[in-house]
Amino acid sequence: MNTSTNQRISKDNYFMKIAEVISMRSTCISRNVGAVLVKDNHILSTGYNGAPTGLPHCTPDTCVRKHLNPGEKPELCRGVHAEINCIIQVALHGTTIEGNTSLYTTTFPCMSCLKLIINAKIKRLIYKEGYNMENIVKADLLKYSKIEIVKLS
């Protein structure tokens, strides 16, 4: 029960906590990422990173990138990123995301996901952990995209 001594968490923190729980479903051996796509304060879809649907999960034996640096040779990864899975789920169910749409993700998107987010016309991107933030091309894309970026601590 909510009393005057209890504080409700903000909607941004609420949806980020959901993304954190979703990240627990990740099947990636190196980074667990969760994402929530929200429109007008209602959850449209969720996603986590891992092998494509119906394929075996990644393991230390099957991961070809386990000895590479983060972001190095992403084309070798067989996993689908959380943000992409979120957008795929919306598309599979025929729901439009154009409008007042926000994406909550536990880790800032990679370059490929960021381009997809821009083209999907998502208005706000809320993240918890940075990833490859020094990438100048990524910074340029963000500047011209006009997406509102929010970092939660």
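Before any of the text, the structure's been laid out above.
Residues numbered from 1 in each chain as written. Predicted model: local features only at pLDDT ≥ 70, side-chain atom pairs only at ≥ 80, totals over all residues. Heavy atoms only, no water.

S.K.: Explain the environment of threonine 53 to me, and be specific about the residues and the numbers.
M.R.: In this structure, threonine 53 sits in the loop between strand 2 (42–48) and helix 2 (82–92). Separated by 82 residues in sequence, threonine 53 and asparagine 135 have C-alpha atoms that sit 30 Å apart. (Helix = DSSP H or I, 4+ residues; strand = E, 2+ residues; numbered from the N terminus.)

S.K.: With reference to specific residues and values, describe the side chain of glutamate 83.
M.R.: Structurally, glutamate 83 can be placed in helix 2. For the buried glutamate 83, which has no salt bridge, the nearest side chain bearing the opposite charge is lysine 138, at an N-O separation of 8.5 Å. Polar side-chain contacts of glutamate 83 include one of 3.3 Å to the side chain of threonine 105. Those residues within four positions of glutamate 83 in sequence are excluded, and the remaining contacts are Ala35, Leu103, Thr105, Thr107, Phe108, Pro109, Cys113 and Ile117. (Buried < 20%, exposed > 50% of the residue type's maximum accessible area, 1.4 Å probe, protein only. Lys, Arg positive; Asp, Glu negative; His and termini not counted. Salt bridge = Lys/Arg side-chain N within 4 Å of Asp/Glu carboxyl O. Polar contact = N/O pair within 3.5 Å; in protein donor to acceptor, adjacent residues only side chain to side chain. Contact = heavy atoms within 4.5 Å.)

S.K.: Hey, could you go over helix 4 (residues 136–145) for me, with residue numbers and the actual values?
M.R.: For helix 4, the N-terminal capping position is held by asparagine 135, with its side-chain oxygen 2.9 Å away from the main-chain nitrogen of valine 137. After helix 4 finishes, the residue lysine 146 shows a positive phi value of roughly 65°.

S.K.: Account for the nonpolar core, with residues named and values stated.
M.R.: Core analysis: the largest hydrophobic core is formed by 21 residues, its most contacted members being Leu37, Ile97, Leu103, Phe108, Ile117, Ile122 and Leu125. Among the nonpolar cores identified, the runner-up in size contains ten residues, and Met16, Ile22, Tyr104 and Ile126 belong to it. (Core = buried A, V, L, I, M, F, W, Y, C linked by side-chain atoms within 4.5 Å.)

S.K.: So what's going on with the pairing of strand 5 (residues 148–151)? Which residues, and what values?
M.R.: Pairing of strand 4 (residues 124–129) with strand 5 involves four bridges; the strand directions are parallel. What sits directly across from arginine 124, in strand 5, is glutamate 148. At this point the chain moves from strand 4, through helix 4, to the parallel strand 5, and the crossover so formed is right-handed. (Pairing = 2+ DSSP bridges. Right-handed = clockwise from strand over helix to strand, strands pointing away.)

S.K.: Any chance you could break down the packing of aromatic side chains for me, citing the residues and the numbers?
M.R.: Aromatic ring pairs: the centre-centre distance and the angle between the two ring planes describe each pair. Applying the stated rule across the entire model yields three aromatic pairs. Residues phenylalanine 108 and tyrosine 127 carry aromatic rings whose centres are separated by 4.8 Å and whose planes lie at 80° to one another, so their mutual orientation is edge-to-face. Of this pair, phenylalanine 108 sits in the loop between strand 3 (101–107) and helix 3 (111–119) while tyrosine 127 sits in strand 4; the two residues are 19 residues apart in sequence, bridging distant segments of the chain. Summarising the burial analysis for this pair, phenylalanine 108 and tyrosine 127 share the class buried. (Phe/Tyr/Trp six-rings, centres within 6.5 Å; stacked < 30°, edge-to-face > 60°.)

S.K.: Before we move on, could you go through the sheet that holds strand 3 and cite the residues and values that matter?
M.R.: The five strands lie next to each other as 2-1-3-4-5, forming an open sheet whose pairing is mixed. The open sheet is flanked by strand 2 and strand 5, the only strands paired with a single partner. The average angle at which neighbouring strand axes cross in this sheet is 15°, direction not considered. Examined bridge by bridge, strand 1 (residues 34–39) and strand 3 share five bridges and lie antiparallel to one another. (Axes fitted to C-alpha atoms, helices over the stretch in contact; angles between N-to-C directions.)

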